[in-house]
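The primary structure of each chain is shown beneath.
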Amino acid sequence: MVLIIVLITSVDCRDPVLHKVGGGKYTWNESCNFTDWASHEHFYVGDWLYFGFNKTKYNVLEVNKTSYEKCNEKDFIANITRGGRDVFNLTEVKPYYFLSGFGYCLKGMKVSIFVQNAPPEFDHHLPQNTTTLPPLQINHASAPPPLFFPIFCSSIFTILTFFTSTCIS
């Protein structure tokens, strides 16, 4: 039972996010300001990038910082181009750099992002100088029914289901 409580309190329950690069379904093109788009996003380990584009015209290359700055497509880390609707998993905390070759990088088709660890959902140890806010007043006549049980990650539910069906019986 203690193991179950430790698992629930120590697992980050944030679901991965699919970021549509440029903000739309087919926005990996030279008319998008990727620096502006990226500045409004938060990227965390486990998230995914979606690149939608015309595969006969553009590509997506992961590059290092120097290649990104110089629009050098020759020494890429990975070519993630598959079919024009391609995804890339952000697996570690670090800056990532992407560009399109064929001269489109020079027209602005490049994006850099910094991936972080996901922030904790809540903090059990508030600093001493933190003040708590009073409870929110809700008009129950117009409010939706309250949520009585917090929603945990599906992986926790699966682990608990497995644990209770195999270890307790």
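Please refer to the structure placed before this passage.
In this text, all values refer to a predicted model and were calculated from it rather than measured experimentally. (Residues numbered from 1 in each chain as written. Predicted model: local features only at pLDDT ≥ 70, side-chain atom pairs only at ≥ 80, totals over all residues. Heavy atoms only, no water.)

1. Looking at the sheet that holds strand β6 (residues 85–89)
Condition: Strands were regarded as paired on the criterion that DSSP finds at least two bridges between them. Helical segments are the DSSP runs of H or I of at least four residues, strand segments are the runs of E of at least two, and each set is numbered from the N terminus. To get an axis, fit a line to the C-alpha atoms, keeping to the stretch in contact for a helix; angles then go from 0 to 180 degrees between the N-to-C directions.
Taking strand neighbours across the sheet as the criterion, the three strands line up as β1-β3-β6 in an open arrangement whose pairing is mixed. Taken across any chain shown, the strands that pair with only one partner, and hence form the sheet edges, are β1 (18–20) and β6. Each adjacent strand pair in this sheet contributes to an overall mean axis angle of 25 degrees, direction not counted. Relative to strand β3 (residues 48–52), β1 runs parallel, the two sharing three bridges. Bridging across to β3, K20 finds its partner in Y50.

2. Comments concerning the state of the cysteines
Spelled out, the test is: Cysteine sulfurs are considered disulfide-paired once they come within 2.5 Å of each other. We call a residue buried when its accessible area falls under 20% of the maximum for its residue type, exposed when it is over 50%, and partly exposed in between, using a 1.4 Å probe and counting protein chains only.
Using the criterion set out here, one finds one disulfide in the structure. One disulfide bridge connects C71 with C105, the sulfur atoms lying 2.1 Å from each other. Residues C71 and C105 are joined through a disulfide that is left-handed, its torsion about the S-S bond being -70 degrees. Highlighted residues: C71 in the loop between α3 (65–70) and β5 (78–79) and C105 in the loop between β7 (94–99) and β8 (110–116), separated in sequence by 34 residues. Accessibility assignment for this pair places C71 and C105 in one class, buried.

3. Regarding a nonpolar patch on the surface
Note the cut-off: To count toward a patch, a residue needs a relative accessible area over 30% and no salt bridge; like charges are then connected within 9 Å, while nonpolar side chains (Val, Leu, Ile, Met, Phe, Trp, Tyr) are connected within 5 Å. Using a 1.4 Å probe, accessible areas were evaluated by the Shrake-Rupley method; residue-level cover was limited to the displayed protein chains. What counts as a salt bridge is simple: a side-chain nitrogen of Lys or Arg found within 4 Å of a carboxyl oxygen of Asp or Glu.
Residues L18, W48 and V87 make up a contiguous nonpolar surface patch of roughly 270 Å² in combined accessible area. Here W48 lies in strand β3.

4. A short note on the packing of aromatic side chains
A ring pair, where both rings are aromatic, is described by two values, the distance of the centres and the angle of the planes. Rules: Planes of paired rings set the category: under 30 degrees apart is stacked, over 60 is edge-to-face and the rest tilted, where pairs are Phe, Tyr or Trp rings (Trp by its six-membered ring) whose centres lie within 6.5 Å. Throughout this description, the term charge over a ring refers to an Arg CZ or Lys NZ atom that lies within 6 Å of the ring centre and within 35 degrees of the ring normal.
Taken as a whole and assessed by the stated rule, the structure comprises nine aromatic pairs. When the ring of W28 is compared with that of F34, the centres are 4.8 Å apart and the planes differ by 50 degrees; the resulting orientation is tilted. Each member of the pair, W28 as well as F34, carries the same accessibility label: buried. A network of ring pairs unites the aromatic residues W28, F34, F51, F88, Y96 and F98 as a single cluster. When the ring centre of Y68 is taken as reference, the NZ or CZ atom of K110 above it lies at 4.6 Å.

5. Some remarks on the pairing of β8
Of the two faces of β8, the one holding V111, I113 and V115 is buried and the one holding K110, S112, F114 and Q116 is not buried anywhere. Summarising the sheet, strand β2 (residues 43–44) and β8 pair through two bridges and their orientation is parallel. Considered in β8, the bridge of Y44 is made with Q116.

6. Examining the pairing of β3
Consecutive side chains of a regular strand alternate in pointing toward one face of the sheet and then the other. The buried count for β3 comes to four of five residues, which makes it a mostly enclosed element. Two elements, β3 and β6, share five bridges in a ladder whose sense is antiparallel. Paired with F51 across the strands is D86, a residue of β6.

7. Looking at the side chain of E62
Considering the arrangement of structural elements, one finds E62 in strand β4 (residues 61–63). Judged by its relative accessible area of 6%, E62 falls in the buried class.

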